[in-house]
Amino acid sequence: MSTSRNERILLIEDDTGIGRMLERGLSAEGYQVEWVRDLEGATAAARELRHDLVVLDRMLPDGDGAAFCRALRRFGSLAPVCMLTARDTLQDKLEGFDAGADDYLTKPFEIDELLARLAALSRRRPAHIVEPVLDREAQALVLGAERVKFTAREWPILEHLFDREGTAVTRAMLIAEAWGATTGDITENSIDVYIGYLRRKLAAASAPFRIETVRGEGFMLVR
């Protein structure tokens with residue numbers, strides 16, 4: 001019987017028969033289904049982070065679904081992933097979980113069991129929470145579908161604080177280790193100016209962390 005859940009599922013399955021069966025069964029249950037058949041299509045779809053759940057075949061024509069699962073987590077997605085596969089050894093399952101999967105269903109399977117597992121994953125899914133990810137090559141903070149860019153001076157400070165989350169970092173350390181300069185070349189007040197720029201950008205993007213001033217020490221990134 002159809003439900004009104006209206007959640008979005010990314011279905012990644014190369015077998016046409018299984019894919020059609022899943023698309024019909026999931027749609028009948030009220031899910032919005034986007035079906036792709038390979039890792040290339042899955043990666044393109046996943047970059048927009050618009051899916052609530054992912055049903056992922058492990059063995060795909062252009063690679064291992066576990067590699068996609070790892071990439072999905074790097075994109076910043078927290079969408080629960082249920083892997084479907086004929087690979088049923090303990091090692092296969094451990095590899096799937098290690099890649100970031102939340103559940104593992106071996107083929108053949110009954111659609112009712114998959115629906116029950118997806119319903120359970122959905123109940124555990126964090127609501128509207130996106131893990132922040134640093135795109136170090138592009139010097140950007142990825143927050144779901146949003147990318148926040150930083151200047152050549154701002155980025156090293158953010159990266160340094162991000163990598164030392166929860167640890168106080170002095171102004172002298174930021175000058176030396178983030179900027180690669182010395183306090184003789186740049187004053188510590190310059191760091192305060194750029195910390196102010198960073199705080200405004202992070203606040204405007206509703207980032208799930210902030211930069212706090214640690215009296216007598218420097219600055220700390222905290223959630």
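Just so we're clear, the structure is a prediction, and the values are computed from it rather than from any experiment. (Residues numbered from 1 in each chain as written. Predicted model: local features only at pLDDT ≥ 70, side-chain atom pairs only at ≥ 80, totals over all residues. Heavy atoms only, no water.)

Draft legend 1. Expanded view of the overall build of the chain. What the chain contains, in helices and strands, is 8 helices and 12 strands. Taking 2.2 N^0.38 as the reference for a compact globule, 223 residues should give roughly 17 Å; the C-alpha atoms of the chain span a radius of gyration of 22 Å, well beyond that estimate. Across its three principal directions, the C-alpha atoms of the chain cover 70 × 35 × 25 Å. Sequence separation of at least 24 residues holds for 56% of the intrachain contacts in the chain that already meet a minimum separation of 6. Counting every atom, the chain has about 11,400 Å² of accessible surface; 48% of that belongs to carbon and sulfur. Distance between charge centres in the chain, computed from 30 positive and 37 negative side chains, equals 4 Å. (Helix = DSSP H or I, 4+ residues; strand = E, 2+ residues; numbered from the N terminus. Rg over C-alpha atoms; globule rule 2.2 N^0.38 Å. Contact = heavy atoms within 4.5 Å. Areas by Shrake-Rupley, 256 points an atom, 1.4 Å probe, with all protein chains shown as cover. Lys, Arg positive; Asp, Glu negative; His and termini not counted. Charge placed at Lys NZ, Arg CZ, Asp CG, Glu CD.)

Draft legend 2. Molecular detail of the nonpolar core. Judged by nonpolar contacts, the single largest core of 27 residues is most densely connected at L141, L158 and L161. Those elements giving two or more residues to this core turn out to be β9 (140-143), α6 (154-163), α7 (171-178), α8 (188-204) and β12 (218-222). Top element by residues in this core is α6. It accounts for 5 residues. Once residues lying within four places of it in the same chain are set aside, the contact partners of L141 are P132, V133, L134, E146, R147, V148, F150, W155, L202, A207 and F209. V54, F68, V81 and A99 belong to the second largest nonpolar core, which has 20 residues in total. (Core = buried A, V, L, I, M, F, W, Y, C linked by side-chain atoms within 4.5 Å. Buried < 20%, exposed > 50% of the residue type's maximum accessible area, 1.4 Å probe, protein only.)

Draft legend 3. View of unusual backbone geometry. A cis amide bond, omega -5 degrees, links K107 with the succeeding residue P108. With respect to the helices, strands and loops of the structure, P108 is situated in the loop between β7 (103-106) and α5 (111-124). Positioned with a positive phi, Q139 is a non-glycine residue whose angle comes to about 55 degrees. Structurally, Q139 is set in the loop between β8 (133-135) and β9.

Draft legend 4. The arrangement of the packing of α7 against α8 in detail. Where α7 meets α8, the axes come as close as 9 Å, and the angle between the chain directions of the two elements is 85 degrees. Taken together, the axis directions place α7 and α8 in an arrangement best described as roughly perpendicular. Across from R171, A172, L174 and I175 in α7, the residues of α8 making contact are E188, I191 and D192. Among the residues making up the contact of α7 with α8, the classes are represented as 4 nonpolar, no polar and 3 charged. (Axes fitted to C-alpha atoms, helices over the stretch in contact; angles between N-to-C directions. Parallel < 35°, antiparallel > 145°, perpendicular 65-115°, else oblique. Nonpolar A, V, L, I, M, F, W, Y, C, P; charged D, E, K, R; others polar.)

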